Amino acid sequence: MDRRNFLLASAATAMAGAATLSAGEAQADTEPVALTGAAGARGEPLGGQPPAGARTSMKDFDYEVKYHRAFEAVLWNMPAIAIYTFRRAAFETLGLKDNDIITYSKPATPLLEAITANSTTPYISAFSDLRQGPVVLELPPAGPDGSLYGQVVDAWQFTIADVGPSGLDKGQGGKILFTPPGYTGTVPSGYIHVPSPNYRIAFAFRSVPAAGKTTDDAYHYAQKLRMYYLSQAGSPPRQKFVDPANVRYPTLPFYDERHFEDMHEIMTVEPVKEQDKVMMGMLTSLGIEKGKPFSPDDTAKRAMCQAAIDAWFYLQWWFDTEMVKRVFWPDRHYVSILQTDQNHMFTFTYPDRIDITERAAEYFWCTYMPKVVADSPANQYLVAMSDKNGKLLEAGKLYKVDVPKDMPVKQFWALTVYDRATFSFIYSESSRTTLSTYDVEKMKKNADGSVTLYVGPTAPAGLEANWIPTSGKRPLPTFRYYGAKDELNQKVFKMPDFELVG
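Every value quoted in this text rests on a predicted model; they were computed, and no experiment measured them. (Residues numbered from 1 in each chain as written. Predicted model: local features only at pLDDT ≥ 70, side-chain atom pairs only at ≥ 80, totals over all residues. Heavy atoms only, no water.)

Chemist: Can you explain the sheet that holds strand β21 (residues 467-469)? Please cite residues and give values.
Modeler: Two strands in a sheet stick together by hydrogen bonds in their backbones, pointing the same way (parallel) or opposite ways (antiparallel). The four strands are arranged β21-β20-β17-β23 in an open sheet whose pairing can be described as mixed. Looking along the sheet, the strands with just one partner apiece sit at the ends: β21 and β23 (499-500). (Pairing = 2+ DSSP bridges. Helix = DSSP H or I, 4+ residues; strand = E, 2+ residues; numbered from the N terminus.)

Chemist: Would you mind going over the pairing of strand β9 (residues 200-208) in detail, with residue names and values included?
Modeler: Most of β9 sits inside the fold, with eight of its nine residues counted as buried. Bridge count between strand β3 (residues 123-129) and β9: seven bridges; the pairing is antiparallel. Within β9, the residue paired with Tyr123 across the bridge is Arg206. Pairing of strand β5 (residues 147-153) with β9, which is carried by seven bridges, proceeds in the antiparallel orientation. When the sheet's bridge partners are listed, Val152 is paired in β9 with Phe203. (Buried < 20%, exposed > 50% of the residue type's maximum accessible area, 1.4 Å probe, protein only.)

Chemist: Please set out the nonpolar core residue by residue, giving values where relevant.
Modeler: Ranked by size, the top nonpolar core spans 82 residues in total, and within it Tyr249, Phe260, Met267, Leu283, Phe319, Trp365 and Met385 carry the most contacts. The biggest single contributor to this core is helix α7 (residues 298-321), with 10 residues. For Tyr249, the residues in contact, after removing those within four places along its chain, are Phe86, Ala89, Ala90, Leu94, Ile102, Tyr104, Leu111, Leu112, Glu113 and Phe127. In terms of nonpolar packing, the next biggest core, distinct from the first, is built from 29 residues, Val401, Val403, Met407 and Leu488 among them. (Core = buried A, V, L, I, M, F, W, Y, C linked by side-chain atoms within 4.5 Å. Contact = heavy atoms within 4.5 Å.)

Chemist: Can you tell me about helix α3 (residues 78-93), naming the residues and giving the values?
Modeler: For α3, spanning 16 residues, the distance from its first C-alpha to its last is 22 Å, which sits close to the expected 22 Å at 1.5 Å a residue. α3 sits mainly inside the fold: 13 of its 16 residues count as buried. In the stretch just after α3, Gly95 is the one whose phi turns positive, near 75°. (Expected span 1.5 Å × (residues − 1).)

Chemist: Describe in detail the packing of aromatic side chains, supporting the description with residues and values.
Modeler: The tally for this structure, following the rule as stated, stands at 30 aromatic pairs. Taking 4.8 Å as the distance between ring centres and 90° as the angle between the ring planes, the aromatic pair formed by Trp312 and Phe313 counts as edge-to-face. The rings of Phe328, Trp329, Tyr334, Trp413, Phe479, Tyr481, Phe493 and Phe498 are connected pair by pair, giving a single aromatic cluster. When the ring centre of Phe254 is taken as origin, the NZ or CZ atom of Arg258, which lies over that ring, is 3.7 Å away. Over the ring of Phe328 we find Lys491; its NZ or CZ atom is 4.6 Å from the centre of that ring. (Phe/Tyr/Trp six-rings, centres within 6.5 Å; stacked < 30°, edge-to-face > 60°. Lys NZ or Arg CZ within 6 Å of the ring centre and 35° of its normal.)

Chemist: Let's hear about the environment of Gln223: which residues, and what values?
Modeler: Within the secondary structure, Gln223 sits in the loop between α4 (215-222) and β10 (226-229). A relative accessible area of 22% means that Gln223 is categorised as partly exposed. When the C-alpha atoms of Gln223 and Ile101 are compared, they prove to be 8.6 Å apart, with 122 residues separating the residues in sequence. Beyond its immediate sequence surroundings of up to four residues, Gln223 is in contact with Thr103 and Phe241. Within the structure, Gln223 has its side chain in polar contact with the side chain of Tyr219 (distance 3.1 Å). (Polar contact = N/O pair within 3.5 Å; in protein donor to acceptor, adjacent residues only side chain to side chain.)

Chemist: Account for the sheet that holds strand β22 (residues 475-484), naming residues and giving values.
Modeler: Here five strands make up an open sheet; going across it, the order is β13-β16-β22-β18-β19 and the pairing antiparallel. Either end of the sheet is taken by a strand with one partner, and the two such strands are β13 (334-336) and β19 (434-436). Recorded for the sheet is a direction-independent mean angle of 25° between the axes of neighbouring strands. In this sheet, β22 lies alongside strand β18 (residues 409-419) in antiparallel orientation, the contact comprising nine bridges. If you follow Val409 over to β22, its bridge partner there is Ala484. (Axes fitted to C-alpha atoms, helices over the stretch in contact; angles between N-to-C directions.)

Chemist: Quick one: what's the story with the pattern of salt bridges, residue by residue and with numbers?
Modeler: The full count for this structure, using the stated rule, is 22 salt bridges. The salt bridge involving Asp297 is made with Lys66; its shortest N-O contact spans 2.6 Å. Here Asp297, found in the loop between α6 (277-283) and α7, pairs with Lys66, found in helix α2 (residues 61-76); they are 231 residues apart in sequence, far enough to count as distant. A residue is classified by how much of its surface remains accessible, and Asp297, at 35% relative accessible area, is partly exposed. Overall, Lys66 belongs to the buried group, its relative accessible area being 7%. (Salt bridge = Lys/Arg side-chain N within 4 Å of Asp/Glu carboxyl O.)

Chemist: An account of the layout of surface pockets is needed here, citing residue identities and associated values.
Modeler: Within this model, the largest pocket holds a volume of roughly 1000 Å³. Lining the largest pocket are 48 residues, and of these Tyr149, Gln151, Arg206, Asn379 and Tyr381 sit closest to its centre. Broken down by element, the residue count for the lining of the largest pocket peaks at five residues, all from β5. Empty space within the second largest pocket amounts to approximately 630 Å³. Together, 30 residues line the second largest pocket, and Pro107, Ser119, Thr120, Ser436 and Tyr438 are the ones closest to its centre. Elements represented by at least two residues in the lining of the second largest pocket include exactly β18 and β19. A per-element tally of the lining of the second largest pocket places β19 first, with three residues. Counted by class, the lining of the second largest pocket contains 12 nonpolar, 13 polar and five charged residues. (1 Å grid on protein atoms, 1.4 Å probe; cavity = no way out; pocket = protein on both sides within 12 Å on 5 of 7 lines; lining within 4 Å. Points joined across faces, edges and corners; volume = space filled by probe spheres on them. Nonpolar A, V, L, I, M, F, W, Y, C, P; charged D, E, K, R; others polar.)

Chemist: Tell me about empty space enclosed by the protein, and please be specific about residues and values.
Modeler: For the coordinates displayed, the defined rule picks out three cavities of 30 Å³ or more. There is about 100 Å³ of room inside the largest cavity. Lining of the largest cavity is provided by Ala80, Ile83, Tyr84, Arg87, Phe127, Asp154, Ala155, Arg200, Ile201, Ala202, Ile266 and Glu270. Of all elements in the fold, only α3 and β9 reach the threshold of two or more residues within the lining of the largest cavity. Sort the elements by how many residues they give to the lining of the largest cavity and α3 lands first, with four residues.

Listed below in structure tokens is the structure:
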């Protein structure tokens, strides 16, 4: 037999053997003949195949490949999914349209199902789609009627504009013009121009009451905002405001196959950056392809559902084993919720890599971060991960913490307790999620003027005013320090740890 016929015969034999395998199933129980010789031994090339005797660990290549791609896609997409779900829920549940503005008439309750939201000052939020053209956002000036604090983010949830006294407008108000990717049109004078790298944008602001003003005043101040397309600037439409204070607003990402339906909705709209092309290529095997309908096969559906579940468990484990180490004070057990990249930002993008795990973890428990975190930030957000003995906080347990009389804040402090599973507010009969400076006069005080706060399923007798209910959930107590003083930023002041009561 000449060389040509030998090769043809060998190929036919190999193909016949492969045909005995079911579709998508690896030859896990059959040792390929090619692996009987050690690579590099006489008659064998050096390299080009696994070691002698090697077997694949996979029973179903089709499922395993799709599972691993789906798992990494959840981590990669975390910033985008966490902001897109705000938009989807607003449109589907609240009946919002682009450029309508959400204005809460009171601080949020557990009905706002959102990641580590604030429940001390009212929220303002809106969404727009720059595929329809540039968008104008009119901001009122800060002053005796109130002020704004917050961020405008793109579809990947990266901040493109901070607003308020420390933002682009410097508290003076004005008109911000957001333009879409690749915009080459004219920018009229009188606008603060912000080019967006993506089409969909969103904002979340807090309406901060001025001195002597009320929550109701903050609500009316928020209604001075305007949002419309530049093409409507000559005669802006009447602004529509929506108050969901008493309505369930479910913004949390899904951790099942629906996660990927949302992912597809994001990826078919937004530009693909060079850095994301490899992932976009892998997503095609899951039925996610730009410009095409979402079309996963049955194997992809199974893989995506399990991958989303496992990604949630993985990040929870990561918080318990890695995040817990990043304490603000070496001898305390608080961790800053603002875990920046090495550039004090939240893109986690470096010249040689994107840190997908760190990025996913930050956007897993936090949304609407500032563009840059200063060395001495105006506000601090510190999460109690463990008790004073370093033991992770548990569900069903009662904890206490002593809040000193003189807290290192220029404005106010607040303790909010979240469900560790969802990072959202905990539903309870009272709907109480927060205790703050503004509640101290209603609490039972200690002899030195401090107050002891309790976090757990039931309140100690006679201390209901000092208690935040957990309804049996694993708690994530978070202190907010608004107007943080130097002694806090420089870590001279130390907050007492939580202690287990029972």
